[in-house]
Amino acid sequence: IGSGSWGSALGIYLAQNGNEVKIWSFNEEEKRIINEERKCVFLPKAIIPEGIVCSSDFKEVLEGAEIILHVTPSKFVRSTIKQYKHLVTKDQLFIMCSKGFEAESNLTLDQVIEEELPNVHYGILSGPSHAEEVSLNIPTALVIASKDEELKESIIDAFKSNTMRIYTSKDVRGAELGAALKNIIAFCAGAAVGLELGDNTFAALLTRGLVEIARLGTAMGGEEKTFYGLTGLGDLIVTCGSEHSRNRRAGELIGKGYSIDEAKKQIGMTIESIDNIDVAYSLSKKYNIEMPIVNAVYNVLYNGLDAKEAVDNLMTRDLKEE
């Protein structure tokens with residue numbers, strides 16, 4: 001469900017791995033390009049296998065499916081599920097591949113699933129995975145997090161290959177939060193690049209950013225070890241360090257002096273970090289968790305704080321034991 005870069009990349013990979021794949025798209029032009037040109041507008045190097053069919057009809061896509069992968073921007077998760085949930089059966093496995101929060105409610109996406117699809121067998125697919133690389137079969141390791149053991153085995157069977165390694169976890173909430181919060185730190189990493197601050201700053205930002213992610217994540221019910229695995233540290237590294245990352249690119253533009261609107265226009269795709277920074281800020285206050293990096297980027301985006309001044313503020317905080 002979703003024909004963007006990640007939805008298309010997963011479809012390409014799964015089709016090449018021997019699965020029958022249908023993709024739902026709300027965009028008629030994207031549907032046409034997939035079906036007729038065998039391309040995805042967001043993945044210029046990838047080719048859509050002949051077996052994949054793209055449709056804008058939920059029934060056509062979902063009927064008879066064994067596994068449903070939901071892959072829309074986080075802000076459209078609930079509204080999209082509402083359009084097709086009447087078609088989902090108790091025998092189908094539901095996998096959330098989106099990363100982020102529901103901004104209006106500050107809910108994680110697994111909480112949205114439980115509200116909208118209370119009887120579904122669901123899991124969270126996450127880990128360090130750029131769509132551009134998965135679509136080209138570059139070796140990748142992901143995690144399927146679920147409390148349903150049979151579901152995890154089914155996902156392993158569908159995904160496993162010599163270019164895709166699937167680990168399992170029971171920590172659904174931890175996998176969700178690591179994936180959502182790392183986008184914010186990646187945005188900050190991009191800002192550091194835009195400000196030309198260097199490798200020392202970059203390393204400090206990732207390390208202390210991971211501390212903030214783990215603080216909030218454990219307070220919200222995640223297991224600490226999850227944040228130092230693939231869905232935490234792994235996803236943080238790939239998102240902060242790569243030019244593929246739209247969150248990092250957005251931060252870099254802000255660091256260079258662009259406005260939020262200018263950065264969004266330049267990137268041309270959903271930037272989960274900008275959509276979710278105010279959520280992380282609100283959650284840090286709700287759970288009384290110290291998150292100075294999140295506070296700093298929130299003030300840059302929403303209170304007009306200069307990015308260089310934000311760095312100075314972080315560097316001159318009271319000194320303490322690590």
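That block above? That's the structure.
Attention in this report is confined to the structure presented alongside it. What you see is a predicted model, and the numbers here were worked out from it, not measured in a lab.

**Structural notes on the environment of Lys-225**
Relative to the assigned elements, Lys-225 resides in the loop between α9 (199–219) and α10 (230–241). When its relative accessible area of 66% is taken as the criterion, Lys-225 is described as exposed. A C-alpha to C-alpha distance of 20 Å links Lys-225 and Lys-152, two positions 73 residues apart in sequence.

**A look at the sheet that holds strand β9 (residues 164–169)**
Across the sheet, which stays open at both edges, the 5 strands sit in the order β3-β4-β7-β8-β9 with mixed pairing between neighbours. Every other strand in the sheet has two partners, leaving β3 (67–70) and β9 as the edge strands with one partner each. Between one strand axis and the next, the sheet turns through 25 degrees on average, direction left out of account. In this structure, β3 lies alongside strand β4 (residues 93–96), joined through 4 bridges in parallel fashion. Residue pairing for β4: Leu-69 is matched across the bridge by Ile-95. Sheet strands in contact with helix α7 (residues 149–159) are β3, β4, β7 (121–126), β8 (140–145) and β9, and its direction is about 175 degrees off that of β9.

**What to know about the nonpolar core**
If you look at the biggest cluster of nonpolar residues, it comprises 45 residues, and the most contacted ones within it are Leu-181, Phe-187 and Cys-240. If you list the elements that add at least two residues to this core, you get α8 (172–194), α9, α10, α11 (246–255), α12 (260–267), α13 (272–286) and α14 (292–302). In this structure, Phe-187 is in contact with Asn-247, Ala-250, Gly-251, Ile-254, Ser-273, Ile-274, Ile-277, Val-297 and Leu-301, ignoring residues within four places of it in sequence.

**Describing the pairing of β7**
Counting buried positions along β7 gives 5 out of 6 residues, so the element sits mostly inside the fold. Across 4 bridges, β4 lies against β7 in parallel orientation. Looking at β7, one finds that Leu-93 is bridged to His-121.

**What about unusual backbone geometry?**
A positive phi angle is found at Arg-38, which is not glycine, with a value near 55 degrees. As for its placement among the helices and strands, Arg-38 is situated in the loop between α2 (28–37) and β2 (53–55). One non-glycine residue, Asn-137, lies in positive phi territory at about 60 degrees. Of note, Asn-137 is situated in the loop between α6 (131–134) and β8.

Rules and cut-offs
Residues numbered from 1 in each chain as written. Predicted model: local features only at pLDDT ≥ 70, side-chain atom pairs only at ≥ 80, totals over all residues. Heavy atoms only, no water. Helix = DSSP H or I, 4+ residues; strand = E, 2+ residues; numbered from the N terminus. Buried < 20%, exposed > 50% of the residue type's maximum accessible area, 1.4 Å probe, protein only. Pairing = 2+ DSSP bridges. Axes fitted to C-alpha atoms, helices over the stretch in contact; angles between N-to-C directions. Contact = heavy atoms within 4.5 Å. Core = buried A, V, L, I, M, F, W, Y, C linked by side-chain atoms within 4.5 Å.

No statement about biological role is implied by the geometric values presented.
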